[in-house]
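For reference, the chains in residue letters:
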Amino acid sequence: MNRFTISEQFFLDQASASASGGLSTVLNRLTLVARMLASEIMRAGFVGKLGYTGTSNVQDEEVRELDVISNDTTLQVFENMPMVAAIASEEMEDMHVLPGGEDGKYLIAIDPLDGSGNVDVAGQMGTIFGIYKRPATGKPVTIEEFYQPGRNLVAAGYVLYGPCTMMVYTAGGPVNGFTLDRSIGTFFLTHPNLKIPEGTGAYSINEANEPKWDDKTRAMVETFRRQEADVGKRSARYAGALVGDFHRTLLKGGIYMYPGEVAKPNGKLRLLYENAPLGFICERAGGAASNGEIPILDVVPTGLHQRTPLFLGSKGDVEEAVRRMGKA
Ligand code: F6P
Ligand code: MN
């Protein structure tokens with residue numbers, strides 16, 4: 001294992017990508033969020049925090065206590081951090097403008113606790129984040145400033161809370177993976193320069209949704225299930241947490257799919273804080289990300305919680321899925 005910490009690696013990435021100042025501070029704060037949430041998740045069962053709050057969020061999903069804790073933790077950690085102007089989160093209908101952040105140059109889009117359906121089964125969960133630069137307007141931040149395509153991301157990453165806690169990020173250069181040494185509370189570089197393998201891995205999709213798909217989607221998934229896709233033999237794997245499914249796909253290759261449905265053509269997953277950041281990481285690792293028609297990174301958001309279909313993973317697999325859907 002390389003004994004580089006996240007901050008040291010990030011300074012190197014910054015130097016090579018000549019990213020602008022302050023980003024490493026933002027990233028280090030995100031590692032603090034990750035460490036705090038890893039600890040909350042580990043203890044949640046002991047202290048009775050596995051349940052629901054009894055309310056629904058803007059997405060009409062039932063809110064878990066840990067969802068609220070994760071969102072509050074994120075906001076607290078970025079409080080009084082003037083380089084971040086505003087945060088858009090899965091758990092908040094509107095953006096949260098940070099006190100003192102009027103002149104901040106970054107915007108953060110975050111899914112603080114991805115896969116919270118796994119809370120009470122000790123399954124994988126995650127945090128997904130994307131960092132955008134604010135346009136230099138000289139005016140108070142507006143919601144439209146978040147409506148940037150994923151190509152504009154200056155950094156994106158995710159944290160995986162599983163048997164170990166990992167953080168994977170890219171600042172536009174290499175994709176690097178770090179593992180948390182819990183005993184000293186520090187992330188060390190364990191997976192430098194990640195590249196997604198081609199021609200191997202699983203296909204990952206919630207196949208119970210089949211009755212809701214159109215014929216093209218059904219036929220496309222069937223080619224993977226029946227091992228008829230050109231990409232070769234595929235096992236089925238589905239963790240039910242996007243971060244968990246993507247992390248496996250990034251390391252082992254294959255494809256993750258959350259297609260549109262006849263009644264919900266945009267599917268389930270959200271562009272700003274799920275699809276775009278993971279698409280950015282995947283492309284930088286040599287893979288691909290599509291909404292079934294165009295690269296995810298070219299989709300321009302029109303709302304904070306906008307959904308898009310998602311096809312994410314090894315380049316050949318994503319190209320084949322899109323081709324078989326007859327949309328490319
Ligand atoms: O954030 C949405 C999410 O929880 C993802 O983490 C996960 O991949 C997906 O929903 C699971 O959705 P479904 O239960 O419909 O398969
Ligand atoms: Mn999520």
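Our subject is the structure that appears above.
This report concerns the structure included in the present document. For clarity, every value in this text was computed on a predicted model and none was experimentally measured. (Residues numbered from 1 in each chain as written. Chains lettered and ligands numbered in written order. Predicted model: local features only at pLDDT ≥ 70, side-chain atom pairs only at ≥ 80, totals over all residues. Heavy atoms only, no water.)

A word on the packing of helix 4 (residues 215–225) against helix 7 (residues 315–324)
Counted only if it meets this: Axis definition: a line fit to C-alpha positions, over the contact stretch in the case of helices; interaxial angles, taken between N-to-C directions, run 0 to 180 degrees. Under the DSSP-based scheme used, a helix requires at least four consecutive residues in state H or I and a strand at least two consecutive residues in state E, with every element numbered from the N terminus. Here the word oblique covers every angle except those under 35 degrees (roughly parallel), over 145 (roughly antiparallel) and from 65 to 115 (roughly perpendicular). If you view the pair so one helix is near and one far, a crossing is left-handed when the near helix is turned anticlockwise from the far one by less than a right angle, and right-handed when it is turned clockwise. Any two residues whose heavy atoms approach within 4.5 Å at even a single point are treated as in contact.
Packing of helix 4 against helix 7 leaves a shortest axis separation of 8 Å and a crossing angle of 140°. When the axis of helix 4 is compared with that of helix 7, the two are oblique. Crossing of helix 4 over helix 7 shows right-handed handedness. Mapping the contact onto sequence places Met220, Thr223 and Phe224 in helix 4 and Asp317, Ala321 and Arg324 in helix 7.

What about the environment of Val121?
Structurally, Val121 is set in the loop between strand 5 (106–114) and strand 6 (125–133). Each C-alpha atom of the pair Val121 and Met36 lies 20 Å from the other, and the pair is 85 residues apart in sequence.

Overview of the packing of helix 2 (residues 23–43) against helix 3 (residues 65–78)
Packed helix pairs are specified by the crossing angle of their axes together with the interaxial distance, meaning the distance between the axes. Worth spelling out the cut-off: Under the convention adopted here, Pro, Cys and the residues Ala, Val, Leu, Ile, Met, Phe, Trp and Tyr are nonpolar, Asp, Glu, Lys and Arg are charged, and Gly plus all remaining residues are polar.
Viewed as axis vectors pointing N to C, helix 2 and helix 3 meet at an angle of 150°, and their least axial separation amounts to 10 Å. Comparing the axis directions of helix 2 and helix 3 gives the class roughly antiparallel. In this structure, the crossing between helix 2 and helix 3 has a hand that is right-handed. Where helix 2 abuts helix 3, its residues Val26, Arg29, Leu30, Leu32, Val33, Met36, Leu37, Glu40 and Ile41 lie against Leu66, Ile69, Ser70, Thr73, Thr74, Val77 and Phe78. Partitioning the contact of helix 2 with helix 3 into residue classes produces 11 nonpolar, three polar and two charged.

Notes on the site of ligand 1
To keep it simple, the criterion reads: The criterion for a residue being near a molecule or strand is simple. One of its heavy atoms has to lie within 4 Å of it. We call two N or O atoms a polar contact when they sit within 3.5 Å, provided that within protein one can donate a hydrogen and the other can accept it, with sequence-adjacent residues counted only if both atoms are side-chain atoms. Computed with the Shrake-Rupley method and a 1.4 Å probe, the accessible areas treat only the protein chains shown as cover for residues. The rule is simple: put a 1 Å grid over the protein atoms alone, call a set of points where a 1.4 Å probe fits but cannot get out a cavity, call an open set with protein on both sides within 12 Å along at least five of seven lines a pocket, and count a residue as lining if it has an atom within 4 Å of a point. Pocket or cavity membership: a molecule qualifies when more than half of its atoms sit within 2 Å of the grid points of that site.
As a structural note, the neighbourhood of ligand 1 is formed by 13 residues, with Asp114, Asn206, Tyr238, Tyr258 and Glu274 the closest of them. The contact in question runs from an oxygen atom of ligand 1 to an N or O atom on the side chain of Tyr238, over 2.5 Å. In the complex, 81% of the free accessible area of ligand 1, which totals 400 Å², lies under the protein chains. Using a 2 Å cut-off from the grid points, one finds that ligand 1 occupies the largest pocket. For the shell around ligand 1, the per-class residue count stands at six nonpolar, three polar and four charged.

Worth remembering: the numbers are spatial, not functional.
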